[in-house]
There are 2 protein chains.
Amino acid sequence: MKTLQIKATTHEYEVVLGEGIRHRIPEMLEKDYQSILIITDDQVSDYYLEDVRQSFTGGQHVHTAVVPSGEASKSMECYEQLLDACTTHQLDRRSLIIALGGGMIGDLAGFTASTYLRGIDYIQVPTTILAHDSSVGGKVAINHPRGKNLIGSFFNPQKVVYDLETIATLSRKEIRSGYGEVIKHAFLSDVNWLESLLDVSLDTLTSRQLEEDLYRGIQVKASIVEKDEKEADIRQYLNLGHTLAHAIESELGYGRVTHGEAVALGLLYALKLSSRKSDKDLRVNDYVNWLRKNEYPLDLLRGLDAEKLVDRMKWDKKTIGRQINFVLLDGVGHPYVQAMDDSLLLNELKCVIEEVGNG
Amino acid sequence: MKTLQIKATTHEYEVVLGEGIRHRIPEMLEKDYQSILIITDDQVSDYYLEDVRQSFTGGQHVHTAVVPSGEASKSMECYEQLLDACTTHQLDRRSLIIALGGGMIGDLAGFTASTYLRGIDYIQVPTTILAHDSSVGGKVAINHPRGKNLIGSFFNPQKVVYDLETIATLSRKEIRSGYGEVIKHAFLSDVNWLESLLDVSLDTLTSRQLEEDLYRGIQVKASIVEKDEKEADIRQYLNLGHTLAHAIESELGYGRVTHGEAVALGLLYALKLSSRKSDKDLRVNDYVNWLRKNEYPLDLLRGLDAEKLVDRMKWDKKTIGRQINFVLLDGVGHPYVQAMDDSLLLNELKCVIEEVGNG
Ligand SMILES: NC(=O)c1ccc[n+]([C@@H]2O[C@H](COP(=O)([O-])OP(=O)(O)OC[C@H]3O[C@@H](n4cnc5c(N)ncnc54)[C@H](O)[C@@H]3O)[C@@H](O)[C@H]2O)c1
Ligand SMILES: NC(=O)c1ccc[n+]([C@@H]2O[C@H](COP(=O)([O-])OP(=O)(O)OC[C@H]3O[C@@H](n4cnc5c(N)ncnc54)[C@H](O)[C@@H]3O)[C@@H](O)[C@H]2O)c1
Ligand SMILES: [Zn+2]
Ligand SMILES: [Zn+2]
């Protein structure tokens, strides 16, 4: 078992990583919650809902709410259903919400917790690799038809209980997705870690390695959000690869590509743009090989229209005064933000699509 | 012009009270907002929307969104419409929302601002007396069919611009409503102020007196929320009179009684309960006379069922572990919180209904 302490502006909370700890949630809680609502999706529920529910043996009222699995549930409609569940079960300010699932559930349940009675306690119980990213940092949100995560808040969990055993049932696609954010954290922080990652094939991942990667990923994220929780400044670095990723996701429609896969493609684009501005070695070729080896969907790029993507990037919430701000790297571990010219963006995107989409 | 500085946990902000200052909003803003969305209701818009809109003469994009006047607009439906307006007008993180109206608009527009892009700047431009209370302290919310303000957050405005001229168009009923919260602030703080208020007839209110009362009311509220923004502790005092008020409001259905009128009745009940526990003089008789003189709707009590009201009080979000916590006074200016017995609550409520509802 490994732990990490996160210093948020509202309170400090702990991230616990370990095997089988979904069975031991009550002993990890600091308060004695009498009413609990476990929110999960209908895929995760089959595997883990009973384990978590049955861990509460102290006579607490344990309720459950299950939404359909998939990004489409991060919607106003499901949000309203969950608020209804909170009132039906009469959760009060001393109740707890448990977000059991991947980033979709973490964001949806976290946003519900943040606005029910102006905020009640919740914990994150991530079950995907990607959720090493989403469960830490306090960003919670739902989607709006006009864009991802347009409705949300900053609201930190009381705890993050990361049971590594749950990763065993994750599909190859979702492992790939999660490692999109893991490798982003490596690019943002440490060339040695990056190089060891670039050697890895996701098919032969050991649980030791997984634990190490998740731990390091969370460390990188935590160290940034601790300095800038509200994204006034350096938290933007975490958006490395995301400007294009968001555009791809909304262009293709949610479901056609996972978030982490889109990030992995966006990352490549950010590396290419970065290379135009700096001579530092960003391991671009090794990264392309890694993407291919692990079967990231490079071919998706082929079907995409560069102009439409640039238009979508302009209407991204990180856009300020209609200029596109990009996170670039001046070498591995050295992110910075730069306002970018439309035509440069377009040309480089065309090159990437040409080069990789057809390879 | 009078100003007050409020120290919130996230930032410090200023309350400005003065005549005609709705025409001078841009010069009071600390940032140079390029996109602005004024949110108001269809009654306030007739009087003041153009004034505020036209005060922006610097070429800013000024958009407006108007919802129907009345508590029913503090709904999920209007909230969604406003979020749509934010995306339609492409508000970004450097945009501003202006909440122009009473407490309904302040709560609704504030909640929208708090969750759009995880929170963008907003200012309160209160136009009712009641909003001296709602515009300060950072509580924003919408209603749920199962109860008032069940969905919301804590989110402080960047400024409160209180133009006292706008009070001139307020109906007698709304003046009465606003003074329900003003007199609550007097009961919570200062017997001299209370006594001077009890002498006042709301029909002959001078603008000097109004300014003084609003200023003092805001001071009381500010001094409490500065010590306990998140209602962990003493902020509960501000709920004096509110436990019964909320029950009356939901029993009658929104619209039949104003919030402040309900508070004025709830206050009477809280005073009566307080008198059971302490000998201090709470000016109960003077208060009843003041209510009658100013035509507070005491007769509404007659139609109400004490048992149903107590049931509703139990299902109030301040209820913890199903016990009813009440704010009581041990003398004017000395609030405290006490868990109350159902039967005592019921008996006293029957007495009040009997005594005042028929008088
Ligand atoms: N809040 C943040 O800071 C942040 C950061 C990154 C991503 N996100 C959000 O996270 C979401 C993506 O997260 P995700 O990739 O975890 O998606 P997800 O939660 O939709 O999970 C992906 C799929 O895996 C299934 N699943 C989850 N755990 C499983 C398990 N242990 N075994 C088998 N199947 C399992 C789910 O049912 C789903 O079908 C997006 O909505 C994204 O916007 C948020
Ligand atoms: N957030 C808080 O801390 C807090 C505190 C107290 C009350 N509230 C909320 O405030 C709301 C009640 O506020 P309210 O009483 O101001 O209600 P309101 O905003 O509904 O206004 C009352 C009526 O007066 C009209 N009006 C407003 N200003 C006017 C003007 N200058 N001239 C003519 N007509 C005008 C409105 O159109 C409406 O019909 C409730 O929803 C309550 O829950 C919130
Ligand atoms: Zn991401
Ligand atoms: Zn009130």
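Residues numbered from 1 in each chain as written. Chains lettered and ligands numbered in written order. Predicted model: local features only at pLDDT ≥ 70, side-chain atom pairs only at ≥ 80, totals over all residues. Heavy atoms only, no water.

In the nomenclature of an unreviewed UniProt entry, chain A is known as 3-dehydroquinate synthase of Halobacillus kuroshimensis. According to UniProt, the comment filed for chain A under the heading Pathway (unreviewed entry) is "Metabolic intermediate biosynthesis; chorismate biosynthesis; chorismate from D-erythrose 4-phosphate and phosphoenolpyruvate: step 2/7." Annotation of chain A in UniProt includes, under Function (unreviewed entry), the sentence "Catalyzes the conversion of 3-deoxy-D-arabino-heptulosonate 7-phosphate (DAHP) to dehydroquinate (DHQ)." (UniProt positions renumbered as here; feature names shortened; annotations may be inferred.)

J.: Sorry if this is basic, but what is going on with the relation of the copies chain A and chain B here?
T.: The two chain copies are connected by a rotation around an axis plus a translation along it. The transform that puts chain A on chain B rotates by 180 degrees and translates by 0.0 Å along the axis, for an RMSD of 0.0 Å. Viewed as a symmetry operation, the transformation between the two copies matches a two-fold axis. Counting the interface residues of chain A, we find that 100% of their copies in chain B are interface residues as well, pointing to one common contact surface. (Least-squares fit on C-alpha atoms with pLDDT ≥ 70 in both. Contact = heavy atoms within 4.5 Å.)

J.: Help me understand the UniProt feature "domain: 3-dehydroquinate synthase N-terminal" (unreviewed entry) in chain A in this model?
T.: The UniProt entry lists residues 65-176 of chain A under the feature "domain: 3-dehydroquinate synthase N-terminal" (unreviewed entry), expressed in the numbering used here. Along residues 65-176 of chain A, the helical share is 31% and the strand share 30%, with 28 Å between the first and last C-alpha atoms. (Helix = DSSP H or I, 4+ residues; strand = E, 2+ residues; numbered from the N terminus.)

J.: Help me out: how do you make sense of the interface of chain A and chain B in this one?
T.: Opposite the 40 residues of chain A that make contact, chain B presents 40 residues. Of the roughly 3,400 Å² buried at the junction of chain A and chain B (both faces included), carbon and sulfur atoms supply 53%. For the pair chain A and chain B, the number of links is two salt bridges. With a shortest N-O distance of 3.4 Å, E231(A) and R93(B) are connected by a salt bridge. Here chain A is connected to chain B by 14 residue pairs in polar contact (both at pLDDT 80 or more). Mapped by element, the contributors of at least two residues to the side of chain A that touches chain B are α3 (76-88), α4 (103-115), β7 (139-144) and β8 (147-154) of chain A. Among the elements that take part in the side of chain A that touches chain B, α3(A) stands out by supplying seven residues, more than any other. (Buried area = accessible area lost by both parts, 1.4 Å probe. Salt bridge = Lys/Arg side-chain N within 4 Å of Asp/Glu carboxyl O. Polar contact = N/O pair within 3.5 Å; in protein donor to acceptor, adjacent residues only side chain to side chain.)

J.: Help me understand the coordination of the zinc ion (ligand 4) in this model?
T.: Where a metal carries four tetrahedral donors, each ideal angle is 109.5 degrees; where it carries six octahedral donors, the ideal angles are 90 or 180 degrees. The protein atoms donating to the zinc ion (ligand 4) are E181(B) (OE), H242(B) (NE2) and H259(B) (NE2), with metal-donor distances spanning 1.9 to 2.1 Å. Take H242(B): its relative accessible area is 7%, and that puts it in the buried class. (Donors = N, O, S within 2.8 Å, 3.2 Å for Na, K, Ca; no water. Buried < 20%, exposed > 50% of the residue type's maximum accessible area, 1.4 Å probe, protein only.)

J.: How should I be thinking about the site of ligand 1 in this particular structure?
T.: Residue and element names in this part refer to chain A. The full set close to ligand 1 counts 27 residues, and E71, G103, T127, T128 and T169 are the nearest of them. Contact distances for ligand 1 include 2.8 Å between a nitrogen atom and a backbone N or O atom of K139. Here an oxygen atom of ligand 1 sits 3.3 Å away from a polar atom, N or O, in the side chain of K221. Relative to its free-state accessible area of 860 Å², ligand 1 is covered by the protein chains to the extent of 93%. Elements that contribute at least two residues to the shell around ligand 1 include exactly α2 (44-54), α4, α5 (131-134), β8 and α6 (172-189). Its residues assigned to classes, the shell around ligand 1 shows six nonpolar, 11 polar and 10 charged. (Near = heavy atom within 4 Å. Areas by Shrake-Rupley, 256 points an atom, 1.4 Å probe, with all protein chains shown as cover. Nonpolar A, V, L, I, M, F, W, Y, C, P; charged D, E, K, R; others polar.)

J.: It is not clear to me how the state of the cysteines should be interpreted in this structure. Could you clarify?
T.: Should the sulfur atoms of two cysteines be covalently bonded, the bond is a disulfide. Going through the model one piece at a time under the given rule, you end up with zero disulfides over all chains. Left without a disulfide partner, C78(B) is nearest to the cysteine sulfur of C86(B), which lies 13 Å away. (Disulfide = S-S within 2.5 Å.)

J.: Just to check I follow, could you spell out the packing of helix α3 (residues 76-88) of chain B against helix α4 (residues 103-115) of chain B for this structure?
T.: When two helices pack together, their arrangement is given by the angle between their axes and by how far apart the axes lie. All names here are of chain B. It is the contact of α3 with α4, at a shortest axis distance of 10 Å, that shows an interaxial angle of 55 degrees. By the angle between their axes, α3 is oblique relative to α4. In terms of crossing hand, the pair formed by α3 and α4 is right-handed. Here α3 contributes C78, Y79, L82, L83 and C86 to the contact with α4, which in turn contributes L108, F111, T112 and T115. (Axes fitted to C-alpha atoms, helices over the stretch in contact; angles between N-to-C directions. Parallel < 35°, antiparallel > 145°, perpendicular 65-115°, else oblique. Left-handed = near helix turned anticlockwise from the far one by under 90°.)

J.: Help me understand the domain arrangement of chain A, please; the structure alone is not making it clear to me.
T.: One widely used convention gives an interface's size as the accessible area the parts lose upon coming together. Residue and element names in this part refer to chain A. As far as domains go, chain A holds domain 1 (2-168) and domain 2 (171-357). For domain 1 and domain 2, the distance between their C-alpha centroids amounts to 26 Å. Each partner contributes to the interface: domain 1 provides 31 residues, whereas domain 2 provides 32 residues. Carbon and sulfur atoms make up 66% of the area that domain 1 and domain 2 hide from each other, which totals about 2,900 Å². (Domains from an automatic or database assignment.)

J.: Explain the side chain of E348(A) here, please?
T.: All names here are of chain A. Here E348 shows up in helix α13 (residues 342-357). Side chain to side chain, E348 and R276 meet in a polar contact 2.3 Å long. If near-sequence neighbours (up to four positions away) are discounted, E348 is found in contact with Y269, K272, L273 and R276.

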